[in-house]
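One-letter residues, chain by chain:
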Amino acid sequence: MAYRDGEPVTIYTVAERAGVSIATVSRVLQGSRPASAETRSKVLRAAAELDYVPLRAGRALPANRHEAHGLVLPELSGPYYSAVLMGYESAAAHYGQSVVVVVTANRSDMRRTVRDLTGRVDGLVIAQSTLPDAAVATIRRKIPTVLLAREHVRGCPTVTAENVHAATELARHLLDHGRQRLVFVGDPHGSPDIRRRYAGFCAALEERGMTEAAPPIPAILDERYAADVAAELRRLGSRVDAAVCANDELALGLMVMLNAQGVRVPHDLALTGWDDIMTARYMGLSTVRQPMHELGRLAATHLHRLVNDPALADRPDPEPLPSRVVLRGSCGCHWDRTTAVRGKDSPP
């Protein structure tokens, strides 16, 4: 293998030198698809200058590549999935890859759908609990597979954001505000992310010796279900003085619903969310800023690398991306709405 400045020369090095994507380098070296004379000249000149030899014992890269990724998501509604998808597509485009998205909601035979997809793409990213672990294990033996925001499955790099510590910090903050009767809003059995947030929430309460907290309200994380949560909070009455919602959509819908019912946030009830979507900044919602766009980018990057080097499947998972608590008015902190308008609303 050739080296430059002590580092091995790879297809990435050639692409950088030629000023093209690695997909273009792959196509030129394979001869699998036509390229302009100028592009072909750039790639071949860069490869010659760098003394580049493709992997796989000097053979050209496989000619049966689809130059496409498969992305399996539970749904596409809401700002979370939009941000993840935008991040994913931006990275995939950088590598010259197209993206085939499959949504599992309302599909009766998801395993067959994904199985069919594996014949049209070079690798898969499977998000959250869209498929059981056994199905994932079968798929990853056929095609490079990366997991996103779900539990680890052997042989599949897993991309996640940090949840436990941020949730603990957020709950501690509410306790420091003098709130003593906290409730978690979200189903801990719904996804690994929600389970970890609930674990962090419980850890903060246990630190203060609070072992008799109200059980979680297992709500669907959609603003359309805010009325159901508001009804449950009315039933709990004085037993709750702070609600920690597992996402911003539900928290914002709940904030509007409670205000309409005469419940003052945060005076009567402190309220927090998770994700830090744009609306949260203008509504004064205390929340946790999750790197949604970067999650998508990182998943696409890891899959692209795994497709080109299957040995990466045996390496440790990347570190979880950091999440940050953002304090605004809904938890009882002082908040100036004009900071959001000026674009200066950021974590303390």
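Our subject in this report is the structure included herewith. (Residues numbered from 1 in each chain as written. Predicted model: local features only at pLDDT ≥ 70, side-chain atom pairs only at ≥ 80, totals over all residues. Heavy atoms only, no water.)

## Some words on helix α5 (residues 110-117)
Because each turn of an α-helix spans 3.6 residues, side chains separated by three or four positions end up pointing in the same direction. The set of residues buried in α5 consists of Met110, Thr113, Val114 and Leu117. Buried positions in α5, seen along its axis, are confined to an arc of 95° and lie on one side of it. Elements that come into contact with the buried residues of α5 comprise β3 (68-73), β4 (98-103), β5 (123-127) and α6 (133-140). (Buried < 20%, exposed > 50% of the residue type's maximum accessible area, 1.4 Å probe, protein only. Helix = DSSP H or I, 4+ residues; strand = E, 2+ residues; numbered from the N terminus. Arc of directions from axis to C-beta. Contact = heavy atoms within 4.5 Å.)

## Comments concerning the packing of aromatic side chains
Across all of its chains, the model carries 4 aromatic pairs by this definition. Ring geometry for Tyr80 against Tyr81: centres 5.0 Å apart, planes inclined by 85°, an arrangement best described as edge-to-face. With respect to burial, Tyr80 and Tyr81 carry one shared label: buried. Ring geometry for Tyr198 against Phe201: centres 6.1 Å apart, planes inclined by 20°, an arrangement best described as stacked. Note that Tyr198 and Phe201 are positioned in helix α8 (residues 192-207) at a spacing of 3 residues, about one turn of the helix. Taken together, Phe184, Tyr198 and Phe201 form an aromatic cluster joined through their ring pairs. (Phe/Tyr/Trp six-rings, centres within 6.5 Å; stacked < 30°, edge-to-face > 60°.)

## Quick look at unusual backbone geometry
The omega angle of the peptide bond from Val265 to Pro266 is 10°, so this bond is cis rather than trans. Considering the arrangement of structural elements, one finds Pro266 in the loop between α10 (248-260) and β10 (270-272). The backbone of Gln128 shows a phi angle near 55°, a positive value even though the residue is not glycine. Within the fold, Gln128 resides in the loop between β5 and α6. Positive phi, normally seen in glycine, also occurs at Asp275, with a value near 125°.

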